[in-house]
Amino acid sequence: MSKHIKVQGKSVHFAVQGALMLLFVLFFTMKSEVLLAQQNIPSKSWALNVQLTPTLSLLKSDVYNNERKVSCGFVGGLNAAYYFKTFDKFSMAFSAGLNFSNYNSNHKLNYIDSVWTVDADQDRVHVYEQCDNMKEKQTISYIDIPLLLYFDYVLASKLEAFVNVGCSFSVATIKNSYYTESILTRKGYYPDYNVLIYDVDVPNSQYFYPTDKHISNKGVLDVKNNISLISAIGVRYRVSSKIALSLGLNSFFGVKNISNYKNNSGSTLVNNDHTVNTLFHNSEKIRVSAHGLSVGISLFF
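Below you will find a few notes about this structure. These numbers were taken from a predicted model, which means no experiment stands behind them.

**Some remarks on the overall build of the protein chain**
A tally of regular secondary structure across the protein chain gives one helix and 13 strands. Scanning the protein chain from its N terminus toward the C terminus, one meets helices and strands in the order α-β-β-β-β-β-β-β-β-β-β-β-β-β. Within the protein chain, the fraction of its 301 residues that count as buried is 40%. Considering only contacts within the protein chain whose residues lie at least 6 apart along the sequence, 74% involve residues at least 24 apart. As presented, the protein chain carries roughly 16600 Å² of accessible surface, and 63% of it is formed by carbon and sulfur atoms.

**With respect to the environment of Leu249**
Mapping Leu249 onto the fold places it in strand β12 (residues 243–254). By relative accessible area, which is 54% here, Leu249 ends up exposed. Sequence separation between Leu249 and Val163 is 86 residues; the distance between their C-alpha atoms is 9.7 Å. If we ignore the near neighbours within four places in the chain, the residues touching Leu249 are Ser231, Ala232, Ile233, Gly292 and Leu293.

**Brief notes about the pairing of strand β5 (residues 159–172)**
Summarising the sheet, strand β4 (residues 124–156) and β5 pair through 14 bridges and their orientation is antiparallel. By the bridge assignment, Ala156 is partnered in β5 with Leu159. Hairpin geometry of β4 and β5 is characterised by an intervening segment of two residues between the two adjacent antiparallel strands. Relative to strand β11 (residues 226–238), β5 is paired through 12 bridges, and the arrangement is antiparallel. Bridging from a neighbouring strand, Cys167 pairs with Leu229 of β11.

**Details of the nonpolar core**
With 25 residues, the main nonpolar core has Leu59, Tyr103, Ile140, Tyr142, Leu221, Ile258 and Phe280 as its most contacted residues. Those elements that place two or more of their residues in this core are β1 (46–61), β2 (68–87), β3 (90–118), β4, β12 and β13 (286–300). Not counting the four nearest positions on each side in its chain, Leu221 is found in contact with Gln138, Thr139, Ile140, Asn176, Ser177, Tyr178, Tyr261, Thr278 and Phe280.

**Structural notes on the packing of aromatic side chains**
Each aromatic ring pair is summarised here by two numbers: the centre-to-centre distance and the angle between the ring planes. Taken as a whole and judged by the stated rule, the model has six aromatic pairs. Ring geometry for Trp46 against Tyr82: centres 4.9 Å apart, planes inclined by 45°, an arrangement best described as tilted. Of this pair, Trp46 sits in strand β1 while Tyr82 sits in strand β2, placing them 36 residues apart in sequence. For Tyr82, a relative accessible area of 38% corresponds to the partly exposed category. Taking 6.2 Å as the distance between ring centres and 50° as the angle between the ring planes, the aromatic pair formed by Tyr64 and Tyr111 counts as tilted. Here Tyr111 lies in strand β3 and Tyr64 lies in the loop between β1 and β2, a separation of 47 residues in the sequence. According to the relative accessible area criterion, Tyr64 is partly exposed, its value standing at 29%. Residue Tyr111 is classed as buried on the basis of its relative accessible area, which comes to 2%. Of the aromatic side chains, those joined through ring pairs into one cluster are Phe87, Phe90 and Phe151. The residue whose ring lies beneath Arg238 is Phe300, and the NZ or CZ to ring-centre distance is 3.9 Å.

**Observations concerning the side chain of Asn257**
Of note, Asn257 is situated in the loop between β12 and β13. Here Ser259 takes part through its backbone nitrogen, which lies 3.1 Å from a polar atom of the side chain of Asn257. In terms of polar contacts, Asn257 uses its side chain to reach the backbone amide nitrogen of Ile286, at 2.8 Å. With residues up to four places along the chain from it excluded, the contact list for Asn257 reads Lys224, Glu284, Lys285, Ile286 and Arg287.

Reading the values: rules and limits
Residues numbered from 1 in each chain as written. Predicted model: local features only at pLDDT ≥ 70, side-chain atom pairs only at ≥ 80, totals over all residues. Heavy atoms only, no water. Helix = DSSP H or I, 4+ residues; strand = E, 2+ residues; numbered from the N terminus. Buried < 20%, exposed > 50% of the residue type's maximum accessible area, 1.4 Å probe, protein only. Contact = heavy atoms within 4.5 Å. Areas by Shrake-Rupley, 256 points an atom, 1.4 Å probe, with all protein chains shown as cover. Pairing = 2+ DSSP bridges. Core = buried A, V, L, I, M, F, W, Y, C linked by side-chain atoms within 4.5 Å. Phe/Tyr/Trp six-rings, centres within 6.5 Å; stacked < 30°, edge-to-face > 60°. Lys NZ or Arg CZ within 6 Å of the ring centre and 35° of its normal. Polar contact = N/O pair within 3.5 Å; in protein donor to acceptor, adjacent residues only side chain to side chain.

So this is what it looks like as structure tokens:
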């Protein structure tokens, strides 16, 4: 045991020594580069930037937040930036562009609910619904117009750091959908007739009260246009005087409620036509959120 601890101690000691040596080399290199930075980074007036950001995204809502899971999405597009201020190693720019963004979210839960409603014949009915192993994936896509402020700072002869902040105005596309599946058990109690209907599964019938039936459904999410705050931090490496490659961390925060749903607490999850509503059908608030690592290329003019 003591031998094992001793070996681990040596490994940690060597690792710390290696890390310190690497930091020293990086510091010495950057110190030398910074002395030449002002001379070697060309001045810039205009830049065309192309970026792709794979993200971890969420659709935040006021229902079932504990059951939601992050999912993969992306933001990609291009923008043009005009550098209106440069002094010493610091420069500022304003940019406008066009992006396509995709946000996804997943829910996994056991759903149980009961509501008073009416059937297709307007008879009162108390519907009990149980969806075991329910899974739902929501997908929302937007066409974005990002407006950003760029803050660049020269670190070395070919290396710049940047911070971008701004917002985007987004128009919802037609690719806004959900897919859900579960094992459904449904019962209906009709108080006017003192009848409980269950274990009934007749095609095209309004009396849809199955037991342990596998169901699945794909539908359209009803969402509105969006406004998001954008922030980014990263580094840019100059391949030449006209071309640079960038790597950064991007965040997107929806500040506008995009839900087009109302609080339909009196509506069932499963409809009389056997289709299934989204879990968001009772949600009055939905906001997008995403974080990701971006890669890009910039052309300077």
